[in-house]
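Overview (structure and organization)
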Number of protein chains: 2
Amino acid sequence: MSTFDIKTIGAIGAARPRPAGSDADASPCGACTVRHLTICAPLEDHELSEMNRIVSSLELDPGDPLFDEGEPANAVYNVTAGAIKVYKLLGDGRRQVTGFLFAGDFLGLANDDIYAYSAEAVTHATLCRFQRRKLEVLLERYPRMEKRLLGMASHELAVAQEQMLLLGRKTAKEKLASFLLNLSKRLVQRGQKGNPVSVPMNRTDIGDYLGLTTETVSRTFTQLRQSGIISLNNGGKVEIHDRDVLEEFAQGF
Amino acid sequence: MSTFDIKTIGAIGAARPRPAGSDADASPCGACTVRHLTICAPLEDHELSEMNRIVSSLELDPGDPLFDEGEPANAVYNVTAGAIKVYKLLGDGRRQVTGFLFAGDFLGLANDDIYAYSAEAVTHATLCRFQRRKLEVLLERYPRMEKRLLGMASHELAVAQEQMLLLGRKTAKEKLASFLLNLSKRLVQRGQKGNPVSVPMNRTDIGDYLGLTTETVSRTFTQLRQSGIISLNNGGKVEIHDRDVLEEFAQGF
DNA sequence: CGTGAAGTTGAGTATGCTCAACGGTGGTGG
DNA sequence: CCACCACCGTTGAGCATACTCAACTTCACG
């Protein structure tokens with residue numbers, strides 16, 4: 001894994017983060033459609049102008065890296081659209097995707113000023129970037145935001161523990177059932193329809209997230225499809241026919 | 001899993017949390033030997049008296065439950081001595097231990113007022129108990145503590161991600177190597193010798209933590225022993241002979 | 001259409017699980 | 001004091017789930 005500073009990514013050319021269009025730049029925070037989900041939720045409208053001053057917008061294409069494990073953690077991010085994956089690697093290249101992030105999700109919290117994982121775009125995605133030091137000043141002034149951040153971190157922690165249960169103790173079928181239900185729930189949380197479920201990531205990413213190979217993911221999809229529990233539509237849409245059975249699988253009965 | 005209120009545990013008789021001896025009660029926080037590791041770290045000496053007022057001490061025997069998943073989260077805890085395990089269960093009883101906690105470690109942060117996991121003593125253990133509502137008042141007054149809590153949560157998050165990598169992508173040998181090195185590092189962090197490593201939990205707990213069966217844990221210990229990398233001493237002590245090889249296993253080379 | 005990447009399916013295999021037996025140890029009660 | 005018992009850890013044999021390697025299909029995109 002190369003370790004390079006986020007500020008030079010554009011120059012390297014592997015990624016092409018670019019400033020978002022002028023529309024968004026005019027009053028990005030005021031126009032933010034996912035504010036209630038982000039770290040900005042506790043701020044009053046008139047306080048957003050301060051946010052505007054320290055935030056910058058960012059756009060990524062599929063496969064573009066956002067940052068790499070080990071890199072100095074100079075910024076934190078809020079996803080405003082699209083999907084991001086975060087992952088860790090072993091020495092021989094084995095990969096564990098520790099999470100998929102969608103609009104409203106937060107990433108980049110680093111304990112010791114070094115990112116503990118890498119982040120990369122799954123789909124075309126837009127993000128808000130907060131310079132770490134400037135954000136810290138703001139947090140000092142608005143303890144509400146710090147509280148919000150703690151709430152988000154402790155939610156992340158609960159999600160991580162659920163994922164450990166999945167990785168350590170569930171079968172392939174149970175893993176995939178849990179995964180689909182999770183995606184569905186997160187869509188609903190964002191006010192979208194929870195069925196059919198949009199599955200924007202490929203089989204390799206799903207496998208690396210669930211601790212499986214692509215082949216096993218594919219076979220398990222087939223198995224669920226042939227049981228009539230789901231169907232696979234075009235454009236990565238999965239239609240859930242029997243949510244109850246899926247729930248039973250997910251909970252290990 | 002039964003869900004009962006922590007306050008009634010004593011009456012039920014499954015557990016026997018009891019107030020610690022009068023020595024500790026006199027000025028528990030002032031005498032705390034692990035304060036620098038806890039949420040109390042940022043408090044000045046003269047502020048500890050406030051802490052004293054909202055904290056109570058607690059003692060558990062091996063196997064005693066502290067709280068159960070799903071229970072209302074009325075308190076958070078700091079371990080002051082001994083070892084605690086936290087775990088989640090599937091419907092059919094499969095178990096995933098999501099962490100082992102030692103002196104200085106913190107548990108009980110709950111996002112939605114409900115514990116997301118169960119906690120139980122591994123060895124004889126002592127803990128500080130903070131009533132949630134009272135702690136919140138204190139956090140309001142000391143943003144430093146809130147910041148500290150955020151730091152601890154984000155550290156936990158990094159640890160959780162490392163564990164996901166282990167569960168999803170490491171072999172049995174790599175899992176056990178990582179586990180032993182982790183225990184060793186945590187001993188060193190607490191100012192103790194990192195070798196030999198005290199391993200107070202049994203094979204079942206280790207298996208449930210690493211996503212393995214007891215038999216596989218046992219076989220893998222034997223394998224590492226026969227390779228001369230470790231030896232198993234009395235009293236659950238593991239002596240590490242070749243840390244470098246263990247590190248290589250743990251990092252997946 | 002042609003090409004390359006992604007997904008699916010098949011055959012054989014290996015890692016770790018299941019089931020079972022056995023040995024050591026510590027606690028208990030006769 | 002010692003026999004007994006329960007629990008824990010270890011080891012063995014056989015097995016199953018998911019992996020590896022490979023071929024083939026589908027799809028997106030030029």
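First things first, this report covers the structure right here in the doc. (Residues numbered from 1 in each chain as written. Chains lettered and ligands numbered in written order. Predicted model: local features only at pLDDT ≥ 70, side-chain atom pairs only at ≥ 80, totals over all residues. Heavy atoms only, no water.)

**A short note on the environment of B:Gln189**
Here is the rule we go by: The numbering of helices and of strands both runs from the N terminus, where a helix is a DSSP run of H or I of at least 4 residues and a strand a run of E of at least 2.
With respect to the element layout, B:Gln189 can be found in helix H6 (residues 172-189). Note: C-alpha distance between B:Gln189 and B:Leu37 (152 residues apart in sequence) is 9.4 Å.

**What to know about the sheet that holds strand S7 (residues 118-121) of chain B**
Condition: By this definition, two strands are paired if DSSP reports at least two bridges between them. Helix axes are fitted only over the stretch in contact, all axes being lines through C-alpha atoms; the angle between N-to-C directions runs from 0 to 180 degrees. By the convention used here, residues are in contact when the closest approach between their heavy atoms is within 4.5 Å.
Strand order in the open sheet formed by 4 strands is S2-S7-S4-S5 (chain B), with antiparallel pairing between adjacent strands. Of all strands in the sheet, those bounded by a partner on one side alone are strand S2 (65-67) and strand S5 (95-101) of chain B. Put simply, the sheet's adjacent strands are angled 30 degrees from each other on average, direction ignored. Direction of pairing for S2(B) relative to S7(B): antiparallel, over a ladder of 2 bridges. Opposite B:Pro65, over in S7(B), you have B:Glu120 as the bridge partner. Strands in contact with helix H5 (residues 143-169) of chain A are strand S4 (84-89) and S5 of chain B; relative to S5(B), the strand with the most contacts, it is inclined by about 125 degrees. The strands that helix H7 (residues 203-210) of chain B touches are S4 and S5 of chain B; relative to S5(B), the one it contacts most, it runs at about 105 degrees.

**Looking at the protein's contact with DNA strand D**
Formally: Here a residue is near a molecule or strand as soon as one of its heavy atoms is found within 4 Å of it. Side-chain atoms alone can form a polar contact between residues adjacent in sequence; in general such a contact is a pair of N or O atoms within 3.5 Å, and within protein one must be able to donate a hydrogen while the other accepts it.
Among the 15 residues in the neighbourhood of DNA strand D, the closest are listed as A:Thr216, B:Arg203, B:Ser218, B:Arg219 and B:Thr222. Near the protein, within 4 Å, the atoms of DNA strand D are sugar or phosphate in 61% of cases. For DNA strand D, a phosphate oxygen lies 2.8 Å from a polar atom in the backbone of A:Ala172. At a separation of 2.7 Å, a phosphate oxygen of DNA strand D approaches a polar side-chain atom of B:Ser218. Of all the secondary structure elements, the ones that give two or more residues to the surface near DNA strand D are helix H8 (214-226) of chain A together with helix H8 (214-226) of chain B.

**So, the protein's contact with DNA strand C**
Note the threshold: Amino acid classes used here: Ala, Val, Leu, Ile, Met, Phe, Trp, Tyr, Cys and Pro are nonpolar; Asp, Glu, Lys and Arg are charged; the rest, including Gly, are polar.
Residues in contact with DNA strand C amount to 15 residues; listed here are only the nearest, A:Arg203, A:Ser218, A:Arg219, A:Thr222 and B:Thr216. Per the 4 Å cut-off to the protein, sugar and phosphate atoms form 59% of the nearby atoms of DNA strand C. One of the side-chain N or O atoms of A:Ser218 is found 2.7 Å from a phosphate oxygen in DNA strand C. In the environment of DNA strand C, a phosphate oxygen lies 2.4 Å from a nitrogen or oxygen atom belonging to the side chain of B:Thr216. Listing elements by their share of the surface near DNA strand C, those giving two or more residues are H8 of chain A together with H8 of chain B. Element by element, the count of residues in the surface near DNA strand C is highest for H8(A), at 4 residues. Residue classes in the surface near DNA strand C are distributed as 3 nonpolar, 7 polar and 5 charged.

**Here's the deal with the side chain of A:Ser154**
Put simply, the rule reads: Only protein chains enter the accessibility calculation, which uses a 1.4 Å probe. A residue is then buried if its area is under 20% of the maximum for its type, exposed if over 50%, and partly exposed in between.
Within the secondary structure, A:Ser154 is located in helix H5. Since its relative accessible area comes to 9%, A:Ser154 is described here as buried. Side chain to side chain, A:Ser154 and B:Asn111 meet in a polar contact 3.2 Å long. A:Ser154 has contacts with B:Leu109, B:Ala110 and B:Asn111, leaving out every residue within four places of it along the chain.

**A closer look at the sheet that holds strand S2 (residues 65-67) of chain A**
Spatially, 4 strands are ordered S2-S7-S4-S5 (chain A) in an open sheet, and the strand pairing comes out antiparallel. Every interior strand has two partners, whereas the edge strands, S2 and strand S5 (95-101) of chain A, have only one. Taken over all neighbouring pairs, the strand axes of this sheet differ in orientation by 30 degrees on average, direction set aside. Across the sheet, helix H7 (residues 203-210) of chain A is in contact with strand S4 (84-89) and S5 of chain A; its angle to S5(A) comes to roughly 105 degrees. Where helix H5 (residues 143-169) of chain B meets the sheet, it contacts S4 and S5 of chain A, and its direction lies at approximately 125 degrees from that of S5(A).

**Some details on the interface of chain B and chain A**
Filter applied, for reference: A quick way to say it: buried area is the sum, across both parts, of accessible area lost when two parts are put together, with a 1.4 Å probe. Salt bridges are identified by distance alone: a Lys or Arg side-chain nitrogen within 4 Å of an Asp or Glu carboxyl oxygen.
Opposite the 46 residues of chain B that make contact, chain A presents 46 residues. Taking both sides of the interface into account, the surface hidden between chain B and chain A amounts to around 4,000 Å²; carbon and sulfur atoms contribute 63%. When the buried surface of chain B facing chain A is broken down by residue, B:Leu150, B:Met164 and B:Arg169 rank first, second and third, together holding 19% of it. The partner of B:Glu174 in a salt bridge is A:Arg94, and the shortest N-O contact between them spans 2.8 Å. Seen at the junction of chain B and chain A, the total is 22 residue pairs in polar contact (both at pLDDT 80 or more).

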